[in-house]
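Single-letter residue listing:
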Amino acid sequence: MSEHTHVAGLCGSLRDASYTRVALGHALDEAAAVGATTTLIDLREYELPVFDPDDRDAGDADRLQKALRDADSIILGSPMYHGSYSGVLKNALDYSGFDEFESTTVGLLGIAGGGFPTGTVEHLRSVCRALNAWVLPHQAVVPNASSQFEDGEFVDEKMAERVAVLGQRTVEYANIEPDPPSFRSSENVGGED
């Protein structure tokens, strides 16, 4: 694990009391504990209007893109909305592309109010493959989020461990040799409709 590894956590929740932000903070703390520098990309602090391919540089798009490009690994954290990931994260990803994600290690973190948060990470995995990112096999999902935390800490040791391992793996595999581009990524031209 390299002391020069930088991990960015992109939080796909705008709620002030976001469980996603809390869990993402735990993953980033663990990445820091194994020697990485970390940055939380809090989308509450970015002005990103709804993505328009004719205005790719709108608002804070350049700042977001730079924060992602500066990372060796990225953790995407999102609440589950209607069986998928949040619209605010989708919008941020639309402002991003191959320059930010190709050959970059990505960890996935899904948070749900109910008991089945896997749709979030499954859909994010598909998006990351289309961007030719290297997605960690290990992922963390936190179901029934309101009962999983007390005073900002996990109440379930196994859940805390899954999130901690996600942070560790983003450092451990940050500089993995990427595979050749996938078919999906070669067919992905982005918002050129």
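Up top is the structure.
J.: So what exactly am I meant to see when it comes to unusual backbone geometry here?
T.: Leaving glycine aside, a negative phi is the common case for residues, and trans is the common case for peptide bonds. At His 82, a residue that is not glycine, the phi angle is positive and equals roughly 50°. Along the chain, His 82 falls in the loop between strand S3 (73-79) and helix H3 (87-94). For His 82, a relative accessible area of 88% corresponds to the exposed category. Even without glycine at this site, Asn 144 takes up a positive phi of about 45°.

J.: Before we go on, may I ask you to explain a negative patch on the surface in this structure?
T.: On the surface, Asp 52, Asp 54, Asp 55, Asp 57 and Asp 62 cluster together into a negatively charged patch. Looking at the secondary structure, you find Asp 57 in the loop between strand S2 (37-42) and helix H2 (61-69).

J.: Can you help me understand helix H1 (residues 19-33) in this one?
T.: Given 3.6 residues per helical turn, the α-helix brings residues three or four places apart onto the same face. Its 15 residues give H1 an end-to-end C-alpha distance of 21 Å, which sits within 8% of 21 Å, the value for a rise of 1.5 Å per residue. Within the span of H1, buried status applies to Thr 20, Arg 21, Ala 23, Leu 24, His 26, Ala 27, Leu 28 and Ala 31. The backbone nitrogen of Thr 20 has a side-chain oxygen 3.1 Å away, supplied by the residue at the start of H1, namely Ser 18. After H1 finishes, the residue Gly 35 shows a positive phi value of roughly 110°.

J.: Sorry, what's going on with the pattern of salt bridges here?
T.: Opposite charge on two side chains allows them to pair when their charged atoms are near. Summed over all chains, the structure comprises 8 salt bridges. A salt bridge links Asp 16 to Arg 44, with the nearest nitrogen and oxygen atoms 3.0 Å apart. A residue pair is termed long-range when its members are at least 10 positions apart, and Asp 16 in the loop between strand S1 (6-11) and H1 and Arg 44 in the loop between S2 and H2 qualify at 28 residues. Each of Asp 16, Arg 21, Asp 42 and Arg 44 takes part in salt bridges that share partners, so that together they form one network.

Here is what the cut-offs are and how they apply
- Residues numbered from 1 in each chain as written.
- Predicted model: local features only at pLDDT ≥ 70, side-chain atom pairs only at ≥ 80, totals over all residues.
- Heavy atoms only, no water.
- Helix = DSSP H or I, 4+ residues; strand = E, 2+ residues; numbered from the N terminus.
- Buried < 20%, exposed > 50% of the residue type's maximum accessible area, 1.4 Å probe, protein only.
- Patch = residues over 30% accessible without salt bridge, like charges linked within 9 Å, V, L, I, M, F, W, Y side chains within 5 Å.
- Areas by Shrake-Rupley, 256 points an atom, 1.4 Å probe, with all protein chains shown as cover.
- Salt bridge = Lys/Arg side-chain N within 4 Å of Asp/Glu carboxyl O.
- Lys, Arg positive; Asp, Glu negative; His and termini not counted.
- Charge placed at Lys NZ, Arg CZ, Asp CG, Glu CD.
- Expected span 1.5 Å × (residues − 1).
- Polar contact = N/O pair within 3.5 Å; in protein donor to acceptor, adjacent residues only side chain to side chain.

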